[in-house]
Amino acid sequence: MAQTLFDKIWNQHTVAVSDGGSALITIDRVFLHERTGAAALKRMAEMGRAVLDPARVFAVMDHIVDTRIGRGDDTLMPGGSGFITETRAACREAGIRLFDVNDRDQGIVHIISGEQGIVLPGLTLVAPDSHTCTQGAFGALAWGIGSSEAEHAMVTSTLRLERPKTMRVRFEGELSFGVTAKDMILTLIAQHGAGGGAGHVVEFAGEAVKALDMEARMTLCNMATEFSAMTGIIAPDAKTFEYVSGRPLAPADFDDPAWAELVSDAGASFDREITIDASQIAPMVSWGTSPEQAIAIDGKVPGGPARAHEYMDLPAGQTLEGIALDAAFIGSCTNSRISDLRRAASILHGQHIAPSIKKALVVPGSLAVKRQAETEGLDKVFEAAGFEWRMSGCSLCFYAGGEGFPEGSRTISSTNRNFEGRQGPGIRTHIASPETVAASAIAGAIADPRAYAKEKA
Amino acid sequence: MTAFPQPFSSIAAPLMRDNVDTDTIIPSREMRSTGRDGLADGLFAPWRYVEADAREENPEFVLNQPPYRDAKLLLTGANFGCGSSREHAVWALAEWGIRTIIAESFAPIFRNNCVRNFILPITLRRPLVEDLAGAEVAIDLCDQTISCARTSYPFEIDAEAKQMLLHGLDAINLTLKQSDAIHDWLAADRPSRPWVYLEHTQ
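Residues numbered from 1 in each chain as written. Chains lettered and ligands numbered in written order. Predicted model: local features only at pLDDT ≥ 70, side-chain atom pairs only at ≥ 80, totals over all residues.

Participant: Go over the overall build of chain A with me, naming the residues and quoting the values.
Facilitator: Helices and strands together make up the secondary structure of chain A, namely 15 helices and 19 strands. Radius of gyration (C-alpha) of chain A: 21 Å, near the 23 Å computed for a compact globule of 457 residues. Taken along the three principal axes of its C-alpha coordinates, chain A extends 60 × 50 × 45 Å. For chain A, contacts bridging at least 24 residues in sequence account for 75% of all contacts bridging at least 6. (Helix = DSSP H or I, 4+ residues; strand = E, 2+ residues; numbered from the N terminus. Rg over C-alpha atoms; globule rule 2.2 N^0.38 Å. Contact = placed C-beta atoms within 7 Å.)

Printed below as a string of structure tokens:
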């Protein structure tokens, strides 16, 4: 019988199915960070439990760690250094490989997993972090869990799960100039709602997905959680195997015919199918306080929940372009890879951010991305344009480093969440692609990146 | 943490908003240690307090209103608990005293976190959720019914979650009983997928 890619990975990893229908699924990789992983490690120690196979568990300092140059264990977050020192001690105790604060391979968990070859096609991988779905871009079944589930996965190398439903989202046709994977996923969520993927594993497919490079595929899968899906996944192809080949923890070759079977069979049926015409997608910007409240850059704010209009201080009918901004942020597991930085830098080259922008940051997704960007001189482009250049980490995506934007700021951000207070109390966040952030920072107001990119072309 | 209490009865506190996210349930700045305790004070901090730092209560927020201050049952809209996977959101709710959440729908990670901490997540159609606002509601988990003075509804819950909630079962202990099957699976898998099994690198 024809199977989906999800079915193949799920079935292969099933140890047992209970009478009630829940399955015991083996977990190939666990990745922790100091924010939620520390709690799992602490509990595990309190219960006197041990990691079953420590060589398949990894940890990184990315969430609370400071991103200012010259950082150590101290953070601006009160009590933050406790998370760092406790995580370090617990990893040593449990025998877990840790990418520490200033390890040369440190970075955001979902970025370094790919860089190190920790995630591979066909694996199951979990992390106590909702954006673990990013790693579905490799054709792995990778999803976010809570701390208790992380403890379960470490102690037993399994999780107990209800079988999710399957959905295929096809992006057919070609993306227009200046339109990116970020705009694709925001379009899906805006059209089908922030709860639209609930209960499903979403396979992204179609011509426009095949055309994306690996980094853009990670951006697409990254926001499957904002769609309320269990995860997103993309079938591995030549681009995937080329990306993973030679990574430190990847296998020596991908010659085994099993790798080629990691695709949905022709005729495999999904519980739900959605098709989107990629050629009709425009650069997207959020206007409200949920990722579903996003519109094309040349649109007007529609009528939505009163609370969202009030928090964002934007009435229905307001034109999005031209809304004045106070701050700009390029970073996060959504958009902080080298290709993101290159595209933003190409818009900022020879330009300067508007005087009204009081804080502008670029936070590379990993120290490897940072080094590569510096080799290419991108750091100088950003600094000349008025952006601060940082060490890698999650940073102001969520205010966990204890560092905030100026009070009451309206920010444009290449991140994934525009929730109330996500980037700090009272901060109003507009999420968009890195090129839209760059163009808007120059304009000092929400701006269409296509105009700026064209000037360069 | 204990099994879901039976019998269970509570006034139903309505927080009828959609997409309530875990950053709002427990903001990052309220998660001050690696432990699971001391979180109730920061529960819904952006909404519960006029000024979060000064802890000045917002009288308009439902859990600050007299009939609901001791509510153990929260009613809410679609996609409750979306956003960050932080289990601290559930720990904060549990510490505050919430034992049941009835929502139009839940974000998946949050829902699993509820079950692991013996909070009962129930999904009902929106008009039925709204109908329970302010009522004294009894929940029979064995029979899977919700009832108040006016009416009674059945609800769905998967068999394993029900057993775990009813008996306060620890999922890890449950799985450890299947250790032999897991080890057999791993032994059979290792030769066919050697790349999965890494050498220790710490």
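On we go from here.
Participant: Explain the overall build of chain B to me, using residue names and the numbers behind them.
Facilitator: The helix and strand inventory of chain B stands at eight helices and nine strands. Of all 202 residues assigned to chain B, the portion counted as buried reaches 44%. (Buried ≥ 20, exposed ≤ 12 C-beta atoms within 10 Å, placed from the backbone.)

Participant: Please provide a residue-by-residue account of the interface of chain B and chain A, values included.
Facilitator: Across the boundary between the two partners, chain B contributes 48 residues, which contact 60 residues of chain A. Taken together, the elements giving at least two residues each to the side of chain B that touches chain A come down to helix 1 (22-25), helix 4 (108-116), helix 6 (159-167), helix 7 (171-176) and helix 8 (179-192) of chain B. Residue composition of the side of chain B that touches chain A, grouped by class: 19 nonpolar, 18 polar and 11 charged. (Nonpolar A, V, L, I, M, F, W, Y, C, P; charged D, E, K, R; others polar.)

Participant: Summarise the packing of helix 11 (residues 338-348) of chain A against helix 13 (residues 378-385) of chain A; cite the residues concerned and give the values.
Facilitator: Residue and element names in this part refer to chain A. Between helix 11 and helix 13, the least distance of the axes is 9 Å, while the angle of their chain directions is 45°. Judged by the angle between their axes, helix 11 and helix 13 are oblique. Here helix 11 runs over helix 13; the crossing is left-handed. Here Leu341, Arg342, Ala345 and Leu348 of helix 11 lie close against helix 13, whose contacting residues are Leu378, Val381, Phe382 and Ala385. When the residues that make up the contact of helix 11 with helix 13 are grouped by side-chain class, the tally is seven nonpolar, no polar and one charged. (Axes fitted to C-alpha atoms, helices over the stretch in contact; angles between N-to-C directions. Parallel < 35°, antiparallel > 145°, perpendicular 65-115°, else oblique. Left-handed = near helix turned anticlockwise from the far one by under 90°.)

Participant: Give a detailed account of the domain arrangement of chain A, specifying residues and quantitative values.
Facilitator: Interfaces are often sized by the amount of accessible area the parts lose when they come together. Residue and element names in this part refer to chain A. One can read the domain layout of chain A as domain 1 (5-161), domain 2 (165-280) and domain 3 (285-456). Between the C-alpha centres of domain 1 and domain 3 the distance comes to 28 Å. Contact with domain 1, which involves 26 residues of that partner, is made by 20 residues of domain 3. Here the residues of the side of domain 1 that touches domain 3 sort into nine nonpolar, nine polar and eight charged. (Domains from an automatic or database assignment.)

Participant: Any details on the sheet that holds strand 1 (residues 8-15) of chain B? Residues and values, ideally.
Facilitator: All names here are of chain B. Spatial ordering of the open sheet is given by 6-5-4-1-7-8-9, a layout of seven strands whose pairing is mixed. Sheet topology places strand 6 (120-123) and strand 9 (152-154) at the edges, where each strand pairs with a single neighbour. Sheet twist, expressed as the average angle between the axes of neighbouring strands with direction ignored, equals 25°. Note that strand 4 (residues 73-76) and strand 5 (residues 100-103) share four bridges and pair parallel. In the strand pairing of strand 5, Leu75 is matched with Ile102. (Pairing = 2+ DSSP bridges.)

Participant: Please give an account of the pairing of strand 2 (residues 23-26) of chain A that cites residues and values.
Facilitator: Residue and element names in this part refer to chain A. Two elements, strand 1 (residues 14-17) and strand 2, share three bridges in a ladder whose sense is antiparallel. Residue pairing in the sheet places Ala16 in a bridge with Leu24 of strand 2. Adjacent in sequence and paired antiparallel, strand 1 and strand 2 are bridged by five residues, among which Gly21 carries a positive phi angle near 105°. Here strand 2 runs beside strand 8 (residues 158-161); their pairing, made up of four bridges, is antiparallel.

Participant: Describe the sheet that holds strand 6 (residues 124-127) of chain A, and please don't skip the residues or the numbers.
Facilitator: All names here are of chain A. Pairing is parallel across the open sheet formed by five strands, whose spatial order is 5-4-3-6-7. Two strands lie at the open edges of the sheet, namely strand 5 (97-99) and strand 7 (141-144), each paired on one side alone. Strand after strand, the sheet turns through a mean of 20° between neighbouring axes, direction not considered. Summarising the sheet, strand 3 (residues 29-33) and strand 4 (residues 57-60) pair through four bridges and their orientation is parallel. Considered in strand 4, the bridge of Val30 is made with Val57.

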